[in-house]
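A look at the structure
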Amino acid sequence: MQLCEGFFDEVFLIVGVEFSFDDFAGNLLTDEYDSKSSFITIHSGDEIIGGMRMVRNSEIGFPHEKETGVQLWNLGETVDSGTRKKMLKINKNNLREITRFIGKRTNKYVLTFDLAKGWYWYCFYNAVEACFMAVDMRLFLLCEKLFIPLRPVGIPKYCEGSWVIPSVLILEDMMTSLKDNNKELWQYILDKFNIAGEWKD
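Reading the values: the criteria
Residues numbered from 1 in each chain as written. Predicted model: local features only at pLDDT ≥ 70, side-chain atom pairs only at ≥ 80, totals over all residues. Heavy atoms only, no water. Buried < 20%, exposed > 50% of the residue type's maximum accessible area, 1.4 Å probe, protein only. Helix = DSSP H or I, 4+ residues; strand = E, 2+ residues; numbered from the N terminus. Arc of directions from axis to C-beta. Salt bridge = Lys/Arg side-chain N within 4 Å of Asp/Glu carboxyl O. Patch = residues over 30% accessible without salt bridge, like charges linked within 9 Å, V, L, I, M, F, W, Y side chains within 5 Å. Areas by Shrake-Rupley, 256 points an atom, 1.4 Å probe, with all protein chains shown as cover. Disulfide = S-S within 2.5 Å. Phe/Tyr/Trp six-rings, centres within 6.5 Å; stacked < 30°, edge-to-face > 60°. Lys NZ or Arg CZ within 6 Å of the ring centre and 35° of its normal.

1. Describing helix α7 (residues 183–190)
Inspection of α7 places Leu 185, Trp 186, Tyr 188 and Ile 189 among the buried residues, and these make up the whole buried set. The arc enclosing the buried residues of α7, seen along the axis, measures out at 160°, which places them on a common side. In α7, those exposed residues whose orientation departs by more than 90 degrees from the buried face are Lys 183 and Gln 187.

2. Concerning the pattern of salt bridges
As enumerated under the stated definition, the model contains eight salt bridges in all. Salt-bridge contacts for Asp 34 lead to Arg 53; the nearest nitrogen and oxygen are separated by 2.6 Å. A residue pair is termed long-range when its members are at least 10 positions apart, and Asp 34 in the loop between α1 (21–25) and β2 (37–44) and Arg 53 in strand β3 (residues 47–56) qualify at 19 residues. For Asp 34, a relative accessible area of 15% corresponds to the buried category. Residue Asp 173 is joined to Lys 86 by a salt bridge in which the shortest nitrogen-to-oxygen separation is 2.4 Å. Of the two residues, Asp 173 sits in helix α6 (residues 171–181) while Lys 86 sits in helix α3 (residues 81–89), which places them 87 residues apart along the sequence. Classification of Lys 86 as partly exposed rests on a relative accessible area of 32%. Through salt bridges with shared partners, a single ionic network connects Arg 56, Arg 96 and Asp 201.

3. Observations regarding a nonpolar patch on the surface
A surface patch of nonpolar side chains, about 440 Å² in accessible area, is lined by Met 137, Leu 141, Tyr 158 and Trp 163. Within the element layout of this structure, Trp 163 appears in strand β8 (residues 162–170).

4. Some details on the state of the cysteines
The tally for this structure, following the rule as stated, stands at zero disulfides. Of all cysteine sulfurs in the structure, the one in Cys 123 sits closest to Cys 131, which takes part in no disulfide; the separation is 4.6 Å.

5. Some details on the packing of aromatic side chains
Applying the stated criterion across every chain, the model contains eight aromatic pairs. Here Tyr 120 and Trp 186 contribute two aromatic rings whose centre-to-centre distance is 5.4 Å and whose plane-to-plane angle is 85°, an arrangement assigned as edge-to-face. Here Tyr 120 is found in helix α4 (residues 108–126), whereas its partner Trp 186 is found in helix α7, with 66 residues between them in sequence. Under the relative-accessibility criterion, Trp 186 is labelled buried at 6%. Geometrically, the ring pair formed by Phe 124 and Tyr 125 is edge-to-face, given 5.3 Å between the ring centres and 85° between the ring planes. Each residue in the set Tyr 120, Trp 121, Phe 124, Tyr 125 and Trp 186 is aromatic and connected to the rest through ring pairs, giving one cluster. The ring centre of Trp 121 lies 4.9 Å from the NZ or CZ of Lys 192, which sits over that ring.

The following block contains the structure:
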């Protein structure tokens, strides 16, 4: 599969940071999980055009566990057996929830490429094996098109203004899928030319 036409016409900087979400969202979206999170941001020049929050496991759990009814270490029989087995082997400290996908209206493919790249390097530096997320249905379908293998682990739910699918993204699965089906995106993810900032929690 080819990356979208004109992909390298505009290259964004991907930054791993730890800062208050107030700085990112203009004090619009803050909650008790901010202090237990790190942030990945996508920059065009001096402007932040996108990003996501990586929430660590803690005594208060993950933001969307209760809301979606998903028990990450006790997934039901409706979840495929391979995903259930892999999740059972993952230590809670090696799991994150991705929340607060925020992006300006730019090329949706490019922004998704960079979010996937940022996610990969965050996992690499912090020994993260998988992430849980309540992902917008349109983004879920786009990831499927790009061979980024989101695995559904719950029933779709209307949440925060859109339909979302509770899903997990397992690092090993993404690496295998991209190596086999989307080599160009995989090579882009591995190239650290536009990676900056501090990446360890």
